[in-house]
Amino acid sequence: MNKKFLVILGMLLAFTSTMLFANEAAAGTAEETAVEAVKDGGLSEAAKYISAAVAVAMACIAGSIAVGKIGAAAMGAMAENPEVSGKALPYVGLAEGICLWGMLVAVLILIL
């Protein structure tokens, strides 16, 4: 579990640093970048997109872990007692809702 988290975190940091350096190279001089930062209120467009991507990524990773654990437990319970299916499966749907909340946060980041 910890290895997966470290690999995902490393990939995210590598992608983020690559995007930041690409943004600096495309922006031109430091003076133009400073003027853009003041116009945007200190938060550039790249930072908005990166933060929205991180919100969705983290929510989807957490949702997939939750669905995996809850789904395995629900299938085990249904194998022993089939009448439990109506009570166990809604919990899987609740775990999937985590991903939807992450997407909602990302949309709010991009709008505001």
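Details of the structure are given in the entry above.
Let me begin by describing the structure that accompanies this report.

### Here we look at the overall build of the chain
Reasoning step 1: Counting secondary structure elements, the chain contains 4 helices and 0 strands.
Reasoning step 2: Secondary structure elements of the chain occur, N-terminal to C-terminal, as α-α-α-α.
Reasoning step 3: Within the chain, the fraction of its 112 residues that count as buried is 17%.
Reasoning step 4: For the chain, contacts bridging at least 24 residues in sequence account for 74% of all contacts bridging at least 6.
Reasoning step 5: Summed over its atoms, the accessible surface of the chain is roughly 8200 Å², and 73% of this surface lies on carbon and sulfur atoms.

### Describing the packing of helix α3 (residues 45–80) against helix α4 (residues 85–111)
Reasoning step 1: Interhelical geometry of α3 versus α4 gives an angle of 180 degrees and a closest axis separation of 8 Å. As the angle between them shows, α3 and α4 are arranged roughly antiparallel.
Reasoning step 2: Residue classes in the contact of α3 with α4 are distributed as 25 nonpolar, 5 polar and 2 charged.

### Here's the deal with a nonpolar patch on the surface
Reasoning step 1: Together, Trp101, Met103, Leu104, Val107, Leu108, Ile111 and Leu112 line one region of the surface with nonpolar side chains, adding up to about 790 Å² of accessible area.
Reasoning step 2: Mapped onto the elements, Leu112 comes out in the segment after α4.

### Considerations on the state of the cysteines
Reasoning step 1: Scanning the entire structure with this criterion turns up 0 disulfides.
Reasoning step 2: Cys60 supplies the cysteine sulfur nearest to Cys99, a cysteine that is in no disulfide, at a spacing of 4.1 Å.

### Some details on α3
Reasoning step 1: Counted at 1.5 Å a residue, the expected span for α3 with its 36 residues is 52 Å, and the 52 Å between its end C-alpha atoms agrees.
Reasoning step 2: Among all positions of α3, only Ala46, Lys48, Ile50, Ala52, Ala55, Ala59, Gly63, Ala66, Gly71, Ala74 and Met78 are buried.

### With respect to α4
Reasoning step 1: For α4, spanning 27 residues, the distance from its first C-alpha to its last is 40 Å, which sits close to the expected 39 Å at 1.5 Å a residue.
Reasoning step 2: Within α4 the residues assigned to the buried category are Ala88, Val92, Ala95, Gly97, Gly102 and Ala106.

### Describing the environment of Ser51
Reasoning step 1: With respect to the helices and strands, Ser51 occurs in helix α3.
Reasoning step 2: We classify Ser51 as partly exposed; its relative accessible area is 30%.
Reasoning step 3: In this structure the C-alpha to C-alpha distance between Ser51 and Val105, which are 54 residues apart in sequence, comes to 9.7 Å.
Reasoning step 4: Of the polar contacts made by the side chain of Ser51, one reaches the backbone oxygen of Lys48; its length is 2.9 Å.

What counts and how
Residues numbered from 1 in each chain as written. Predicted model: local features only at pLDDT ≥ 70, side-chain atom pairs only at ≥ 80, totals over all residues. Heavy atoms only, no water. Helix = DSSP H or I, 4+ residues; strand = E, 2+ residues; numbered from the N terminus. Buried < 20%, exposed > 50% of the residue type's maximum accessible area, 1.4 Å probe, protein only. Contact = heavy atoms within 4.5 Å. Areas by Shrake-Rupley, 256 points an atom, 1.4 Å probe, with all protein chains shown as cover. Axes fitted to C-alpha atoms, helices over the stretch in contact; angles between N-to-C directions. Parallel < 35°, antiparallel > 145°, perpendicular 65-115°, else oblique. Nonpolar A, V, L, I, M, F, W, Y, C, P; charged D, E, K, R; others polar. Patch = residues over 30% accessible without salt bridge, like charges linked within 9 Å, V, L, I, M, F, W, Y side chains within 5 Å. Salt bridge = Lys/Arg side-chain N within 4 Å of Asp/Glu carboxyl O. Disulfide = S-S within 2.5 Å. Expected span 1.5 Å × (residues − 1). Polar contact = N/O pair within 3.5 Å; in protein donor to acceptor, adjacent residues only side chain to side chain.

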